Structures are given as structure tokens and as C-alpha cells.
Amino acid sequence: MTKFSPYFAFARKSFLGRSAYRFDHFMGILNTILRIFIFWEIYQALYGGRAEVDGITITMVATNFILSLGLGAVFYVNDYYLPDRIQNGSIATELLLPVNIHGRMLADNLGNALFQLLFHFIPAVAVSVVFIRIAAPAELSMVFLFLLSALLGYGVLWTISFAAQMLSFWLINVWSVMTIKDVFVNVLSGAMIPLWFMPDWMQEIIRFTPFSSIYFTPVQIYLGQLSLMEILRGFLIQTLWIVILFSVGLLLWKKGQKKLVVQGG
């Protein structure tokens, strides 16, 4: 048995747990499809029958929100894994287990993400491709680079949540923190509004945040808008944000454990 076996078991349990709720599964697919078609109708109305606006075609926009919303369905992150366990006291039991709690958090989320990929993303995108114009990848190689960037994008999103969850050592309820985090992710990642439509000065600011690395960088790679050097720089930026955010989370984790008090017995 390898040292990674427990984490595979946690991921498998998480995957199988999602498959038990079939109605929730179908509603998740329907929710993603409805959101895609709502965005399609909104942007069609905004474009008013025009093929492009400021060099941005309706097909590019459609590709952006189909891939972003699809990836959003895949990028499952349980923002309340740690807060819930601190609140109910089960964190004490978690800390006694012979596994790394951070690894368990990631494994739990990856099991859910794999389920979302197979049974939400693929069906939703397949339906969208049939009824909505979506751009083909610029090159076949870009599909591989897109997938790699999307994986790093998930890492960025997960580490943002990881760092935010550590605040639960100091806050009774982190709901407001997670809500603010979700707003920043939805708006500044390009998922709701493609960053092409943002003012130039705002785009420069957003580039200094981790949010554009989540969805917009993979979409740009898919559409062939980045040169090889720009793609490599995008990978580097995504990796740096993962390292920085995870380091911040670990620092807060070490400080937070000193404040942890579990009552009951």
C-alpha cells in the first residue's frame, strides 16, 4: 500500500457519494445548460445581430462562457470543509488520523471534481455545442495545453478557497468571506463578463490578481490567442499563485492551530 492510497480512497468515496444522488446530478446538468443558454441569449441581444464588436466575435464570447461555465461546474471546491469541522468539533478527530488533513481536503474535492467532469461538464458542453456556435480549438495541440492550464486553474481556485478557509480559526462564520470570494472569482475570472470587454486599465490590474488565471487563461489558450511564450508565462503565473496561496494557507493553518479550542466529550 502506497502512502497515497488513503487519499485515493477518500477521492473514490467522494466520487461515489455524488453518484448516489441521481436527481441532484440531473439538476446540476440542467442548471449548467440553462446558465449557458441564458448567457447566450443575453450576449445575442447585446450584439444585436452583429458578428463582432471591437474585434470580439460572438463565437469567441460564446466559447468563453461555455468553457468557463462548464469548467465552473467541474471546479468543485467545498469552501466549508474545514469551517464545518471546526464548528462541530470533529477537527479534533481529523487531526488524530494518520493522514494529512490538507491532502484529505484536496482528495475530497478532486473526487467531486472528477464526477462533475464526467457527468456535468461533458453532457452540458455537448448539448451547448449542438445548439450554440462554439469555436474549434486553434490547433489540436492547444487542446492539451488548454487542459493543462485548466488543471492549474483549478489549483489556483482551490488554494484561494484553502487560504480563505483558514480564517475560520478566527471567525465564527466565514459565509461572508466566501461570498465575497465568489463574487471576485465570478467577475474577475472572466466567467460572467469576458475580460476582453474590461477597460485596459482594469485588465492590467486583474493581471496582478490570481482570478484571471482560473478560467480566462485556459480559454485564451484554447482560442489560440497566446503565443508559446505567453502560454509558458501563463503556466508560470498560475504555478506561482498556487505556491503563494498555499503558503499563505499553511501559515494561517499553523497560527490557527494555536487558537483552536474544542469543547465537548
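(A) Layout of the overall build of the protein chain. For the protein chain, the helix and strand inventory stands at 11 helices and 2 strands. In terms of overall dimensions, the protein chain is globule-like: its C-alpha atoms have a radius of gyration of 20 Å, near the 18 Å expected for 265 residues. In terms of its C-alpha atoms, the protein chain occupies a principal-axis envelope of roughly 65 × 40 × 35 Å. The buried share of the protein chain, taken over its 265 residues, is 46%. Taking the average location of the 17 positive side-chain charges in the protein chain and that of its 13 negative ones, the two points are 13 Å from each other.

(B) Structural view of helix α4 (residues 81-88). Along α4, the residues classified as buried are Tyr81, Leu82, Pro83 and Ile86. Contacts made by the buried residues of α4 are with α5 (91-96), α6 (101-131), α7 (140-165) and α11 (228-257). Gly89 occupies a position one or two residues after α4 and carries a positive phi of about 85°.

(C) Spatial organisation of the packing of aromatic side chains. Taken as a whole and assessed by the stated rule, the structure comprises 16 aromatic pairs. Consider the rings of Trp158 and Phe162, whose centres lie 5.2 Å apart with planes at 15°: the pair is stacked. You can see Trp158 and its partner Phe162 sitting in helix α7, 4 residues apart, about one turn around the helix. Side by side, Trp158 and Phe162 carry an identical accessibility label, which is buried.

(D) How the structure looks around the nonpolar core. If you look at the biggest cluster of nonpolar residues, it comprises 63 residues, and the most contacted ones within it are Phe65, Phe75, Leu82, Ile214, Tyr215 and Ile221. Of all the secondary-structure elements, those providing two or more residues to this core are α2 (22-47), α3 (58-74), α4, α6, α7, α8 (175-188), α10 (216-222) and α11. With 11 residues, the top contributor of residues to this core is α7. Setting aside anything within four residues of it in sequence, one finds Phe65 in contact with Ile36, Phe39, Trp40, Tyr43, Gly70 and Ala191.

(E) Examining the packing of α3 against α6 more closely. Two numbers describe how α3 lies on α6: the axes approach to 8 Å, and their chain directions differ by 155°. Relative to α6, α3 is oriented roughly antiparallel. Between α3 and α6 lies a crossing whose hand is right-handed. Where α3 abuts α6, its residues Ile66, Leu67, Gly70, Leu71, Ala73 and Val74 lie against Ala113, Gln116, Leu117, His120, Phe121, Val125 and Ser128. Of the residues in the contact of α3 with α6, the class split is 9 nonpolar, 4 polar and no charged.

(F) Highlighting unusual backbone geometry. Unusually for a residue other than glycine, Asp54 sits at a positive phi of about 55°. As for its position among the elements, Asp54 is in the loop between β1 (52-53) and β2 (56-57). For Asp54, a relative accessible area of 78% corresponds to the exposed category.

(G) Summary view of α7. The end-to-end C-alpha separation of α7 is 38 Å, in line with the 38 Å expected for 26 residues at 1.5 Å each. Counted residue by residue, α7 has 19 buried out of 26 residues, so it is predominantly covered.

(H) Geometry of a nonpolar patch on the surface. On the surface, a nonpolar cluster with roughly 710 Å² of combined accessible area is contributed by Phe23, Met27, Leu30, Leu34, Ile38, Ile42 and Leu46. Structurally, Met27 is set in helix α2. On the basis of relative accessible area, Met27 is assigned to the partly exposed category, the value being 39%.

(I) Broad picture of the side chain of Ser161. Residue placement: Ser161 occurs in helix α7. When its relative accessible area of 0% is taken as the criterion, Ser161 is described as buried. Not counting the four nearest positions on each side in its chain, Ser161 is found in contact with Val77, Asn78, Asp79, Met178 and Lys181.

(J) Region of the structure containing the packing of helix α1 (residues 5-19) against α6. Where α1 contacts α6, the two axes come as close as 7 Å, and the packing angle between them is 40°. Of the possible angle classes, the one that applies to α1 and α6 is oblique. With respect to the hand of their crossing, α1 and α6 are arranged in right-handed fashion. Residues Tyr7, Phe10, Ala11, Ser14, Phe15, Arg18 and Ser19 of α1 touch α6, and the partners they reach there are Gly103, Arg104, Ala107, Asp108, Gly111, Asn112, Leu114, Phe115, Gln116, Leu118, Phe119 and His120. Classifying every residue of the contact of α1 with α6 by side-chain character gives 9 nonpolar, 7 polar and 3 charged.

Cut-offs and rules
Once a new chain begins, its residue numbering starts again from 1 and follows that chain's sequence as written. In keeping with the model being predicted, local features are shown solely for residues with a pLDDT of at least 70 and side-chain atom pairs are shown and tallied solely at 80 or more, while totals for entire chains, interfaces and linings include all residues. The basis for every side-chain value is the complete set of non-hydrogen atoms in the structure, without hydrogens or water. Helical segments are the DSSP runs of H or I of at least four residues, strand segments are the runs of E of at least two, and each set is numbered from the N terminus. Just to be clear, the radius of gyration here is over C-alpha atoms, and the globule rule we use is 2.2 Å times residues to the power 0.38. Here's how the labels work: a residue is buried when its accessible area is under 20% of the maximum for its type, exposed when over 50%, partly exposed in between, all with a 1.4 Å probe on protein chains only. When charges are tallied, Lys and Arg are placed among the positive residues and Asp and Glu among the negative ones, while His and the ends of the chain are skipped. For this purpose, a charge sits on NZ of Lys, CZ of Arg, CG of Asp or CD of Glu. Only heavy atoms matter for contacts: two residues are in contact if any of them lie within 4.5 Å across the pair. The criterion for an aromatic pair is that two Phe, Tyr or Trp rings (for Trp, the six-membered ring) have centres within 6.5 Å, with stacked assigned to planes under 30 degrees apart, edge-to-face to planes over 60 apart and tilted to the rest. Only buried Ala, Val, Leu, Ile, Met, Phe, Trp, Tyr and Cys residues count toward a nonpolar core, and they belong to the same one when joined by side-chain atoms within 4.5 Å. The axes are straight lines fitted to the C-alpha atoms, using for helices just the contacting stretch, and the angles between their N-to-C directions are given from 0 to 180°. Oblique is the label for any angle not covered by the other classes, which are roughly parallel (under 35 degrees), roughly antiparallel (over 145) and roughly perpendicular (65 to 115). Helix crossings get a hand from a simple test, with the near helix turned counterclockwise from the far one by less than a right angle marking a left-handed crossing and a clockwise turn marking a right-handed one. When residue character is reported, Ala, Val, Leu, Ile, Met, Phe, Trp, Tyr, Cys and Pro are called nonpolar, Asp, Glu, Lys and Arg charged, and the others, Gly included, polar. Multiplying one less than the number of residues by 1.5 Å gives the expected span of a helix. In this analysis, a patch consists of residues with relative accessible area above 30% that form no salt bridge, clustered at 9 Å for like charges and at 5 Å for the nonpolar side chains Val, Leu, Ile, Met, Phe, Trp and Tyr. All accessible-area figures derive from a Shrake-Rupley calculation using a 1.4 Å probe, and residue coverage is judged against the displayed protein chains alone. Put simply, a salt bridge is a Lys or Arg side-chain nitrogen that is within 4 Å of an Asp or Glu carboxyl oxygen.

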